[in-house]
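Results of the structural survey
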Amino acid sequence: QVQLVESGGGLVQAGGSLRLSCIASENRFRFNTMGWYRQAPGKQRELVAVMSRVDGTNYADSVKGRFTISRDNAQNTVHLQMNSLKPEDTAVYYCNAARSPLHVYWGQGTQVTVSS
């Protein structure tokens, strides 16, 4: 069973930066996609950024120009550099990795809180 372990969340003031990291426990597999989602209280989980071997990189409109996703395929890690953070970025951030539509994995989530 693949496990995704996230790190890097925390509390930051508006305008600040955080870097999230996610590493997969299994290095045998190569993931077609790796990315980040987030869920704020009372809201549905939403895509933040994803890197796909087929479709390239995609960002939510709300984070374009502020967040940067990067991926190390050899290490099965994915990072999310978050700059110019806003209070509305406050959420639990989840790492996601997929080998196929039938093999999708989630991390346990890491809290990001941006104070105004």
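Notes on the structure in this doc start here.

Each value, and the rule that gives it
Residues numbered from 1 in each chain as written. Predicted model: local features only at pLDDT ≥ 70, side-chain atom pairs only at ≥ 80, totals over all residues. Heavy atoms only, no water. Helix = DSSP H or I, 4+ residues; strand = E, 2+ residues; numbered from the N terminus. Buried < 20%, exposed > 50% of the residue type's maximum accessible area, 1.4 Å probe, protein only. Polar contact = N/O pair within 3.5 Å; in protein donor to acceptor, adjacent residues only side chain to side chain. Contact = heavy atoms within 4.5 Å. Salt bridge = Lys/Arg side-chain N within 4 Å of Asp/Glu carboxyl O. Pairing = 2+ DSSP bridges. Phe/Tyr/Trp six-rings, centres within 6.5 Å; stacked < 30°, edge-to-face > 60°. Axes fitted to C-alpha atoms, helices over the stretch in contact; angles between N-to-C directions.

**With respect to the side chain of S52**
- Inspection of the secondary structure puts S52 in strand β5 (residues 46-52).
- By relative accessible area, S52 is classed as buried at 17%.
- Polar side-chain contacts of S52 include one of 3.1 Å to the backbone nitrogen of D55.
- Discounting residues that sit within four places of it in the chain, S52 has contacts with N32 and T33.

**Digging into the pattern of salt bridges**
- For the structure on display, the rule yields 4 salt bridges.
- Its salt-bridge partner being D89, residue R38 comes within 3.0 Å of it at the nearest N-O pair. With a gap of 51 residues between them, R38 in strand β4 (residues 33-39) and D89 in the loop between β8 (77-82) and β9 (91-100) connect regions that are remote in the sequence. For the pair R38 and D89, one class covers both residues: buried.

**As for the pairing of β5**
- Of the pairings in the sheet, the one linking β4 to β5 comprises 6 bridges and is antiparallel in character. Within the sheet, the bridge partner assigned to W36 lies in β5 and is A49.
- Taking the residues that link successive antiparallel strands as the turn, the β4-β5 hairpin has 6 residues, and the phi of G42 there is positive, at about 75°.
- Bridge count between β5 and strand β6 (residues 56-59): 4 bridges; the pairing is antiparallel. Residue pairing for β6: M51 is matched across the bridge by T57.

**Description of the packing of aromatic side chains**
- Enumeration according to the criterion identifies 2 aromatic pairs in this entry.
- Pairing F31 with Y105 gives two aromatic rings, centres 6.1 Å apart and planes at 75°, and the pair type is edge-to-face. Placement of the pair is F31 in the loop between β3 (18-24) and β4 and Y105 in strand β10 (residues 103-106), with a sequence separation of 74 residues. Residues F31 and Y105 agree in their burial class; the two are buried.

**Points about unusual backbone geometry**
- We note that S84 has phi near 50°; this positive angle belongs to a residue other than glycine.
- Inspection of the secondary structure assignment puts S84 in the loop between β8 and β9.
- Classification of S84 as partly exposed rests on a relative accessible area of 41%.

**A word on the sheet that holds β3**
- The sheet built from 4 strands is open, its strands ordered β1-β3-β8-β7 with antiparallel pairing. Looking at the sheet topology across the chains shown, the edges are occupied by β1 (4-7) and β7 (67-72). Geometrically, the sheet is characterised by an average inter-axis angle of 15° between neighbouring strands, direction not taken into account.
- Pairing geometry for β7 and β8, over 6 bridges, is antiparallel. The residue of β8 that forms the bridge with D72 is T77.

Without other data, these values stay purely geometric and don't point to any function.
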